[in-house]
Amino acid sequence: VSGSGSDSVASSGPVLCLVCAAPFQSTQDCLAHELLKHANKPQKQLRQRLNAITKIFTSAQTQTERSELQAALEQSASGGHLRAVLDFYASDVRKLESCYGHVCSCIDREMKGKVRVYPFGSLVTGLSLKDSDIDLYLQPCRELNLVNKQLFNRVANFLRRSKSFADVLAIRHARVPIIRCRHQLTGLSLDINMSNPNSTYNSRFVGELVQRDERLRELCLFLKIWGKMLKLIGHGSLSSYCLLSMILVSLQQQGYLAPIRQLQALCPPVIVLGVNYAYSLDLLSPIPKNVKTLDLISHFFTYFSGVNYERCVLSPFLGCALDKTASLGTPGAFPECEEQLQAMTEAMGEVPEPFRLDRFMCVQDPFELQINVAKSVSPTNLTYLKQCLKFAAQACTNPDLVRRPDKLYECLLYGLADKLIVEGRSAKAGHSPRGHPLRTEVRQAEPMKKVEGEPKLELGAGGSGPPIVRSHVIMPTTNDLKYLRSGVLSLNVNEAKSVYYYWLACYVDTIKDVLTQIYGLEIELKEAREPCYYQWLIHTSLDTWTGRSFQRGPGQSFFAHQLQQTIEFGKTRTNNPGYAVNVRGLFSLLAKEDYTELRLDVQPLAKDALALQRNSPLTKLFKAFKNLLGNYSFKEKASTWKFCSMRLKS
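Quick notes on the rules
Residues numbered from 1 in each chain as written. Predicted model: local features only at pLDDT ≥ 70, side-chain atom pairs only at ≥ 80, totals over all residues. Heavy atoms only, no water. Helix = DSSP H or I, 4+ residues; strand = E, 2+ residues; numbered from the N terminus. Pairing = 2+ DSSP bridges. Axes fitted to C-alpha atoms, helices over the stretch in contact; angles between N-to-C directions. Parallel < 35°, antiparallel > 145°, perpendicular 65-115°, else oblique. Left-handed = near helix turned anticlockwise from the far one by under 90°. Contact = heavy atoms within 4.5 Å. Nonpolar A, V, L, I, M, F, W, Y, C, P; charged D, E, K, R; others polar. Core = buried A, V, L, I, M, F, W, Y, C linked by side-chain atoms within 4.5 Å. Buried < 20%, exposed > 50% of the residue type's maximum accessible area, 1.4 Å probe, protein only.

> Would you take a moment to explain unusual backbone geometry for this structure?
Most peptide bonds are trans, and most residues other than glycine sit at a negative phi. Pro 531 follows Glu 530 through a cis peptide bond whose omega is 0 degrees. Position of Pro 531 among the secondary structure elements: in the loop between strand S14 (522-529) and strand S15 (533-542). Look at Tyr 595: it is not a glycine, yet its phi comes out positive at around 65 degrees. With respect to the helices and strands, the residue Tyr 595 is situated in the loop between strand S16 (580-591) and strand S17 (598-603).

Shown next, in the form of structure tokens:
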């Protein structure tokens, strides 16, 4: 499976940390770094992601496609390898144009010429691949007196009746409602929206930009192929438009494209629903002739492999990476964004959602400054993206690959998958190779960034060395924060506290309820630094965690169902020696200073170093506790949480 190009990167390059992609000279150094810095990071989802990628690349279809690409690269002339890749994956433009023309004719006949059809997306930008769909915006003429909802229903009904379209699906509750269907004649997918013309302006800008220089079109098209091949574009990850926005920043960092703010200063505004879509490319300097497309590709990988995504916002409008707190997180620091929000509010009659700084990755829309086009990127997919960027940056600076462009492009598209496949096979053989994190939960305790006054943990057996600890990390989900914002935080709470503060306080209450009420443990508070640190001594002589059910009856709450089982266990297990235990240990909660992450630690007492063996009662309790937290409803807890007491405290 492995090509010679990918082998050279895997064998001669530095070893990368799976979590932060930091380079190391040896596997031993890298594993030591991961144990020290990332032992408390949840690795299971990332392993599942990498395993899924491996399965896709080992499929017969992918291997056949790779063989065909290799043949195309071998047959290409010197200097034509990139063109061979682009031609291999690019779509048939004539097929797209034919489909677009037929769809326009169908809609024109049905709506009697009272609706205008505007394409956007890859059909306009010229960056379409074989799996690309066609995006359309329908704008009613003034004489057609229909609101968006009425037009949406009329078009949906027409598409369902027509023999030219199939698989019609109306997605009404998206941020921009769309109708998705398939064109029977060409088999192409269509996405039609009637409420938001903004994408037509974005696409027009990208289309005009890439038409100025063939190298820009090759750059954007190759990176789109790269993102699609490595499954970096999709649900919970990047969108094609987000990737294009990142490309703009990369070009701006090299001085080949001016910031959008500067492009808008050269022409009168074009305001659409409060957003200025004006730009002028007339005064842009041409890219030097000695710059190759591969140079632009290499810079993209190098630049973005070094970005601190947790702390910055990538802004094509300003042409740089901004500090989250110092820019969008500070009132008055980004006046253009605040002015646009005000203009949009006046134009639409409602306040638009502000920029989502609480997301794991932040990329600002080039024109709609309040939109984070990377807001859907999950932490797992961000970690995977960093790995892909680091690997690609290594490949582009590998002398052996640079001398063999055919091997370089194949390596960029398939090389990372080769590494995953090799490491997966080694893991099945019983090894734990670099990059495949086969970890046990038992680890040496490594606290997070210290909270002021945070106490030291007790030492393990004999009082020497760090303690043995089992840990579990909890982070707020999108639904958790959404419920707090829309429901509970509409109450009169302290506005100086962030939504993460209230999420943390609610979760701490939940954990105390589970330990004392559901599991019936005796707990004694040993130390506390509210709201970020708590440590309890826990004790019980009865196993109340084994054999719990999470299937509730109709109308029964999660906590009511669990409490009912606790009562039953108390009656049936108290005199049963099979459920008699002697569990003693220290249970700690440690939160980050910004309240965005909560770590749970359980450790044995100083004189009981073996209490966390694999099948010990304390270990089983902790595993059952994690499983219970994975099944409970945060919304249910938050809806009954006593925020009144929180308001008094804050």
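> Where do I start with the pairing of strand S6 (residues 178-183) in this structure?
Looking along a regular strand, one sees the side chains alternate between the two faces of the sheet. Inspection of the sheet shows strand S5 (residues 165-171) paired to S6 by five bridges, in the antiparallel sense. The residue of S6 that forms the bridge with Ala 170 is Ile 179. What sits between the antiparallel neighbours S5 and S6 is a turn of six residues. With five bridges connecting them, S6 and strand S7 (residues 189-193) associate as antiparallel partners. Residue pairing in the sheet places Arg 182 in a bridge with Ser 189 of S7. Where S6 hands over to S7, the hairpin turn is made up of five residues, of which Gly 187 adopts a positive phi near 80 degrees.

> Looking at this structure, I do not really get the packing of helix H10 (residues 214-229) against helix H11 (residues 240-254). What am I missing?
For any two helices packed against each other, the geometry comes down to the angle between their axes and how far apart the axes lie. The contact between H10 and H11 brings their axes to 10 Å, and the two run at 135 degrees. Classified by the angle their axes make, H10 and H11 are oblique. For the pair H10 and H11, the crossing hand works out as right-handed. For the pair formed by H10 and H11, the contact residues are Leu 216, Leu 219, Cys 220, Leu 223, Lys 224 and Lys 228 on the first element and Ser 240, Leu 243, Leu 244, Ile 247 and Leu 251 on the second. The residue inventory of the contact of H10 with H11, partitioned by class, reads eight nonpolar, one polar and two charged.

> Sorry if this is basic, but what is going on with the nonpolar core here?
Note on soluble globular proteins: their nonpolar side chains tend to be buried together. Within the largest apolar cluster, 97 residues are counted, with the highest numbers of intra-cluster contacts made by Phe 222, Trp 226 and Phe 301. In terms of residue count, helix H15 (residues 379-396) provides more of this core than any other element does, 10 residues in total. Once you skip the residues sitting within four places of it in the chain, Phe 222 turns out to touch Leu 82, Val 85, Leu 86, Ile 297, Tyr 409, Leu 412 and Leu 413. Counting residues in each nonpolar core, the second largest holds 47 residues, with Val 499, Tyr 501, Leu 621 and Phe 634 among its members.

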